[in-house]
Amino acid sequence: MQPDEIVTWLRDNPEFFDQYADELAEIYVPHSHRGQAISLAERQLLTLREKNRSLELRLGDLLQFGEENDHISEKLHQLSVSLMQADDLASMIGTLEYHLQHRFGVPHIALRLWLNSDCNLREFAPVGEAVQKLAQNLVSPYCGPYVTDEVLSWFDVEANTLKSFAQFALRTGGEPFGVLVMASEDIERFYPDMGTLYLQRLSDLVSASIRRAVPVITPDDEPLLLTEEV
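None of these values were measured; they are calculated from a predicted model. (Residues numbered from 1 in each chain as written. Predicted model: local features only at pLDDT ≥ 70, side-chain atom pairs only at ≥ 80, totals over all residues. Heavy atoms only, no water.)

Student: Sorry if this is basic, but what is going on with the overall build of the chain here?
Tutor: Within the chain, the regular secondary structure consists of eight helices and eight strands. Across the 230 residues in the chain, those meeting the buried criterion constitute 33%. Relative to all contacts within the chain whose residues are 6 or more apart in sequence, the contacts with residues 24 or more apart total 55%. For the chain, the accessible surface area stands at approximately 15,100 Å², while carbon and sulfur atoms represent 52% of it. (Helix = DSSP H or I, 4+ residues; strand = E, 2+ residues; numbered from the N terminus. Buried < 20%, exposed > 50% of the residue type's maximum accessible area, 1.4 Å probe, protein only. Contact = heavy atoms within 4.5 Å. Areas by Shrake-Rupley, 256 points an atom, 1.4 Å probe, with all protein chains shown as cover.)

Below, the structure is given as structure tokens:
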């Protein structure tokens, strides 16, 4: 019989282990690590212990991930409340930068907006067509080591010191009206395979906040707040 046939037969005939318990106790097999012979029962116990240890490690990882997600959710909640309390766009941007830098540990942040507005903030500095096309293509947040030269120029540090970036588009009605970029000197801070669920939630939150705060100039030059129709 082949080994797999033996295994199948034993699974189909569990009473075998009761009928031949004494004989099985006399069977010795090599220890998986020490090389010495141990009984079949001891070998089974060793296998169960190894599986249990593996399950404990996996459970520990899951608990750690759960705690980390709880911390991120709490910080995102605090940011949401603070943005709702901001009176104008300038204070909103200051609030956003504070939370990202001091609560999320993001060293560098750059924000650019191209809404039709009379705001004089640096975030409304003109951007090139390539950046607007980039925003169109950012259907989900990007994490990795690459950004365009124009985006690099937005940061007040030496370009070659920044090693990893997270960037996402800000949208209203599906159309992008800005880009938020976070940067770090640590190449592992924003890596290509990292999860982007919370970055997408941050994108939605910042987009909605700016929609609420930025007055758009209408053709009649009357300020109109970007709010949802009811």
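And the narrative resumes.
Student: Help me out: how do you make sense of the environment of Phe165 in this one?
Tutor: Summarising the element assignment, Phe165 is placed in strand β5 (residues 164-172). For Phe165, a relative accessible area of 2% translates into the label buried. Leaving out residues up to four positions away in the same chain, Phe165 has contacts with Tyr142, Cys143, Gly144, Pro145, Tyr146, Val147, Leu152, Phe155, Val181, Met182, Ala183 and Phe190.

Student: Would you mind showing me how to read the nonpolar core here?
Tutor: It is characteristic of soluble globular proteins that their nonpolar side chains tend to be buried jointly. The biggest cluster of nonpolar side chains holds 33 residues, and the ones touching the most others in it are Leu89, Leu100, Met182, Leu202 and Ile210. Listed by contribution, the elements that provide at least two residues to this core are α4 (40-85), α5 (89-103), β3 (108-113), β5, β6 (175-184) and α8 (197-213). Tallying contributions element by element places α8 first for this core, with six residues. Ignoring sequence-local partners within four residues, the contact set of Ile210 consists of Leu89, Met92, Leu111, Leu113, Leu115, Leu170 and Phe177. Core analysis: the second largest hydrophobic core is formed by 16 residues, Leu138, Val147, Leu152 and Leu162 among them. (Core = buried A, V, L, I, M, F, W, Y, C linked by side-chain atoms within 4.5 Å.)

Student: Is there a simple way to explain a nonpolar patch on the surface in this structure?
Tutor: Where nonpolar side chains cluster on the molecular surface, the patch consists of Leu59, Leu62, Leu63 and Phe65 and spans about 430 Å² of accessible area. Along the chain, Leu59 turns up in helix α4. (Patch = residues over 30% accessible without salt bridge, like charges linked within 9 Å, V, L, I, M, F, W, Y side chains within 5 Å. Salt bridge = Lys/Arg side-chain N within 4 Å of Asp/Glu carboxyl O.)

Student: Please clarify how the side chain of Arg112 should be interpreted in this entry.
Tutor: By the secondary structure assignment, Arg112 is in strand β3. Although Arg112 is buried, it forms no salt bridge, and the closest oppositely charged side chain is Glu123 at an N-O distance of 5.5 Å. Excluding its chain neighbours within four sequence positions, the residues that come into contact with Arg112 are Arg122, Glu123, Ala125, Val127, Trp154, Phe177, Gly178 and Val179. (Lys, Arg positive; Asp, Glu negative; His and termini not counted.)

Student: Sorry if this is basic, but what is going on with the packing of aromatic side chains here?
Tutor: Pairs of aromatic rings are described using the distance from one ring centre to the other and the angle between the two planes. Taken as a whole and judged by the stated rule, the model has one aromatic pair. Their ring planes at 50 degrees and their centres at 6.5 Å tell us that Phe155 and Phe165 sit as a pair that is tilted. A residue pair is termed long-range when its members are at least 10 positions apart, and Phe155 in the loop between α7 (149-152) and β5 and Phe165 in strand β5 qualify at 10 residues. Each member of the pair, Phe155 as well as Phe165, is classed as buried. We note Lys75 situated over the ring of Phe104; from NZ or CZ to the ring centre the distance is 5.2 Å. (Phe/Tyr/Trp six-rings, centres within 6.5 Å; stacked < 30°, edge-to-face > 60°. Lys NZ or Arg CZ within 6 Å of the ring centre and 35° of its normal.)

Student: Explain α5 to me, please; I cannot follow it from the model alone.
Tutor: An α-helical turn contains 3.6 residues, so any two residues separated by three or four positions project in the same direction. If you check α5, its first and last C-alpha atoms are 20 Å apart, about what 15 residues at 1.5 Å a residue would give, namely 21 Å. All of the buried residues in α5 are Leu89, Met92, Ile93, Thr95, Leu96, His99 and Leu100. Buried residues of α5, viewed axially, fall in a sector of 160 degrees; they line one side. Of the residues flanking the start of α5, the one acting as N-cap is Asp88, its side-chain oxygen 3.4 Å from the backbone nitrogen of Ala90. (Expected span 1.5 Å × (residues − 1). Arc of directions from axis to C-beta. Polar contact = N/O pair within 3.5 Å; in protein donor to acceptor, adjacent residues only side chain to side chain.)

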